[in-house]
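# A look at the structure
Letter by letter, the chains look like this.
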Amino acid sequence: MSAPLEAAVHDLAARLRAGDRAALARAISLVEAGDPAGLLLSESLFATTGNAHTIGITGPPGAGKSTLTDALIREYRGRNLRVAVLAVDPVSPRTGGATLGDRIRMTQTAADNGVFVRSSAARGNGHGLGLTTAQVVRLMDAAGYDRILIETVGTGQDGVTIATVAATILLVQTPGSGDEVQALKAGILEVADIFVVNKAELPGTDALLHDLREVARATRERSIWLPPVLPTTARDGTGIVAVADAIEAHRAHLTASPEGERRAMGRLWAEVRALVRNEVLATVEQYLSTPAGASRAVAALQKGADPISVARAVLADRRWTRES
Amino acid sequence: MENRPIRVLIAKVGLDGHDRGAKILTRALRDSGMEVIYTGLHQTPEMVVEAAVQEDVDVLGLSSLSGAHATLFPRVIAGLREAGLDDVLLVAGGIIPPEDVEELRAEGVAAVFGPGTPLATSIAFIKEHAPRNRGLGRRRSQ
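So, a few notes on the structure that sits alongside this text. A quick note: this is a predicted structure, and the numbers were derived from the prediction, not measured.

Each value, and the rule that gives it
Residues numbered from 1 in each chain as written. Chains lettered and ligands numbered in written order. Predicted model: local features only at pLDDT ≥ 70, side-chain atom pairs only at ≥ 80, totals over all residues. Heavy atoms only, no water. Contact = heavy atoms within 4.5 Å. Salt bridge = Lys/Arg side-chain N within 4 Å of Asp/Glu carboxyl O. Polar contact = N/O pair within 3.5 Å; in protein donor to acceptor, adjacent residues only side chain to side chain. Helix = DSSP H or I, 4+ residues; strand = E, 2+ residues; numbered from the N terminus. Nonpolar A, V, L, I, M, F, W, Y, C, P; charged D, E, K, R; others polar. Pairing = 2+ DSSP bridges. Patch = residues over 30% accessible without salt bridge, like charges linked within 9 Å, V, L, I, M, F, W, Y side chains within 5 Å. Areas by Shrake-Rupley, 256 points an atom, 1.4 Å probe, with all protein chains shown as cover. Phe/Tyr/Trp six-rings, centres within 6.5 Å; stacked < 30°, edge-to-face > 60°. Lys NZ or Arg CZ within 6 Å of the ring centre and 35° of its normal. Core = buried A, V, L, I, M, F, W, Y, C linked by side-chain atoms within 4.5 Å. Buried < 20%, exposed > 50% of the residue type's maximum accessible area, 1.4 Å probe, protein only. Axes fitted to C-alpha atoms, helices over the stretch in contact; angles between N-to-C directions. Expected span 1.5 Å × (residues − 1). Arc of directions from axis to C-beta.

Let us look at the interface of chain A and chain B. Taken residue by residue, the interface counts 33 residues in chain A and 30 residues in chain B. Counting across the chain A and chain B interface gives three salt bridges. Linking chain A to chain B there are eight residue pairs in polar contact (both at pLDDT 80 or more). Contributions of two or more residues to the side of chain A that touches chain B are made by helix H1 (3-17), helix H2 (21-32), strand S3 (98-100) and strand S4 (115-121) of chain A. The element that contributes the greatest number of residues to the side of chain A that touches chain B is H2 of chain A, accounting for seven residues. When grouped by side-chain class, the residues that make up the side of chain A that touches chain B number 16 nonpolar, seven polar and 10 charged. Sheet analysis places S3 of chain A next to strand S2 (residues 35-38) of chain B, joined by three bridges and oriented parallel. In the strand pairing of S2 of chain B, Leu-100 of chain A is matched with Ile-37 of chain B.

Moving on: a nonpolar patch on the surface. Side chains of Trp-269, Val-272, Val-276 and Val-280 of chain A sit close together on the surface and give an oily, nonpolar patch of about 370 Å² of accessible area. Mapping Val-280 of chain A onto the fold places it in helix H11 (residues 258-288).

Another point: the packing of aromatic side chains. Pairs of aromatic rings are described using the distance from one ring centre to the other and the angle between the two planes. Counted under the stated rule, the structure contains two aromatic pairs over all chains. Measuring from ring centre to ring centre gives 6.2 Å for Phe-116 of chain A and Tyr-145 of chain A, while their planes differ by 50 degrees; the resulting arrangement is tilted. Of the two residues, Phe-116 of chain A is situated in strand S4 and Tyr-145 of chain A in the loop between helix H5 (129-142) and strand S5 (147-153); the sequence distance between them amounts to 29 residues. Residues Phe-113 of chain B and Phe-125 of chain B carry aromatic rings whose centres are separated by 5.9 Å and whose planes lie at 80 degrees to one another, so their mutual orientation is edge-to-face. Of the two residues, Phe-113 of chain B sits in strand S5 (residues 111-113) while Phe-125 of chain B sits in helix H5 (residues 119-129), which places them 12 residues apart along the sequence. One residue, Arg-82 of chain A, lies across the ring of Tyr-145 of chain A, its end atom 4.4 Å from the ring centre.

This part covers the nonpolar core. All names here are of chain A. Ranked by internal contacts, the top residues of the largest apolar core, which has 45 residues, are Leu-16, Leu-24, Leu-41, Leu-139, Met-140 and Phe-195. Broken down by element, this core gets its largest block of residues, seven residues, from H2. What Leu-16 contacts, discounting residues up to four positions off in sequence, is Ala-23, Leu-24, Ala-27, Leu-45, Leu-139, Ala-142 and Ala-143.

For the rest of this paragraph, the subject is unusual backbone geometry. You will see that Lys-199 of chain A, though not glycine, has its phi angle at about 60 degrees, which is positive. Within the secondary structure, Lys-199 of chain A is located in the loop between strand S7 (194-197) and helix H9 (205-218). Here the phi dihedral of Asp-56 of chain B falls at roughly 50 degrees; this positive angle occurs in a residue that is not glycine. If you trace the backbone, Asp-56 of chain B turns up in the loop between helix H2 (45-55) and strand S3 (59-64). Looking at Asp-56 of chain B, the relative accessible area reads 1%, which means it is buried.

Before going further, it helps to spend a moment on the sheet that holds S4 of chain A. Residues and elements named next belong to chain A. With respect to topology, seven strands assemble into an open sheet ordered S4-S2-S5-S1-S6-S7-S8, the strand pairing being parallel. At either end of the open sheet lies a strand with only one pairing partner, and these are S4 and strand S8 (229-231). Across the sheet, the axes of successive neighbouring strands diverge by a mean angle of 20 degrees, strand direction being ignored. Where strand S2 (residues 83-89) meets S5, six bridges bridge the pair, whose relative direction is parallel. Note that in S5 the partner of Val-88 across the bridge is Thr-152. The sheet strands contacting H9 are strand S6 (168-173), S7 and S8, and the helix crosses S7 at an angle near 170 degrees.

Attention now goes to the pattern of salt bridges. Considering all chains together, one arrives at 21 salt bridges over all chains under this definition. Linking Arg-15 of chain A and Asp-11 of chain A is a salt bridge whose minimum nitrogen-to-oxygen distance equals 3.7 Å. You can see Arg-15 of chain A and its partner Asp-11 of chain A sitting in helix H1, four residues apart, about one turn around the helix. Residue class for Arg-15 of chain A comes out buried when judged on its relative accessible area of 8%. Among the charged side chains, a network of salt bridges with common partners joins Glu-32 and Arg-118 of chain A together with Arg-7, Glu-35 and Glu-55 of chain B.

The next subject is the side chain of Thr-49 of chain A. All names here are of chain A. One can find Thr-49 in the loop between helix H3 (36-45) and strand S1 (53-59). A distance of 2.7 Å separates the side chain of Thr-49 from the backbone oxygen of Phe-46, its partner in a polar contact. Excluding residues that lie within four positions of it along the chain, Thr-49 makes contacts with Arg-138, Asp-141 and Ala-142.

Counting along an α-helix, one turn takes 3.6 residues, and residues three or four places apart therefore face a common direction. Residues and elements named next belong to chain A. With 14 residues, H9 should reach 20 Å at 1.5 Å per residue; the first-to-last C-alpha distance of 20 Å fits that figure. Thr-205, Leu-208, Leu-209, Leu-212, Val-215 and Ala-216 are the residues of H9 that are buried. Down the axis of H9, the buried set is contained in an arc of 120 degrees. They therefore lie on one face.

What follows deals with the sheet that holds strand S4 (residues 89-94) of chain B. Spatially, the six strands line up as an open sheet ordered S3(A)-S2(B)-S1(B)-S3(B)-S4(B)-S5(B), and their pairing is parallel. Each end of this open sheet is capped by a strand with a single partner; those strands are S3 of chain A together with S5 of chain B. Strand-to-strand twist across the sheet, computed as the mean angle between neighbouring axes with direction ignored, equals 20 degrees. In this sheet, S4 of chain B lies alongside S3 of chain B in parallel orientation, the contact comprising six bridges. By the bridge assignment, Ser-63 of chain B is partnered in S4 of chain B with Gly-93 of chain B. Across the sheet, H2 of chain B is in contact with strand S1 (7-12), S2 and S3 of chain B; its angle to S1 of chain B comes to roughly 165 degrees.

This is the structure in structure tokens:
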């Protein structure tokens, strides 16, 4: 690392730790842009982190995740806890653009300096979504936030990705949209620590609560934690105290049981794997985009070779590794 | 950070309840590859400044149809300066009388997009003038 960059990273880290919100915001931008300074920052701050509890809030679009998040922010502020939110929205695969609209439903607390809300496009920017999110969470932790809420649309793979970042996973659903439990991918049902049935004033709530309790019981094979199934009406705050209490209970469970340590190690190990994978991938991509990397392969293809054997030859000569 | 998308905050300050224009611009900017955060209606200047800080936006678009530009825009601009966000590109839209446009420019608003401004004009202006490569920047007031 060059001396000026080292000094700049050190300076930004110090300002972030002192509670400078612009510094935290810029640090997140660096991480999201895949700027090398982002990883350096995260690295330098690691030793100061580990105090925040990270909660993933996932569920299908329209389930009320943002409204629930806003209600939780207020509940936490009432408990004198500082809260940071990362609201992840999908990115258009066609244009790369994104509309980040969750902030609309989270602005009641905007003037409170115990709350930090950041909107993010789910692009990963070369780091992969899970890896970028892990770095952002670390920065928020280092900045002194006690609870970090990550809100993401997730009914499939994304929802499982959140499990590599958050300590407690909330799955939010609403009644009345058909066969909800069946429609969900098995993955997210299995990793949920707390089930929330939002818009519980709607018909179909009892049936959904019942179905989810069945699902929750099945998780007992893996853990002594029985995921609670909680009805809420996030819009008017009904049931939010119970949700916040359940999160605290899960946190206490993780602290007291070997499961907490095991899962924390699992998250760090997932991060290491993602970092290594990205580095290798970037090295390979870089080599393949050079004339030297492409020419032999293209020549072979032009002579009629099949792509599988060409790929095998590229891998076998190993010239993409950094040493060669 | 040169390769990241331009981040834009579109904010409605003041009491007017019309945001069709703001929403159309939000969508158009998104479709041109930007990350656009829309605040929703009835924001106070303090809320807008705080959102600009936390979201670390490159561009702030302020919209007003009710005369808020005369009273509230200057408070947003002062708040941005106070927060050290001097490099954010400021643009304004909505109904702003020509005699006020010069005053807003003097305050630091780079462009005013009045009614009927083609979307392509606004998009091109933002693409050309949004700050790039802002680095690790130590901001003035901090």
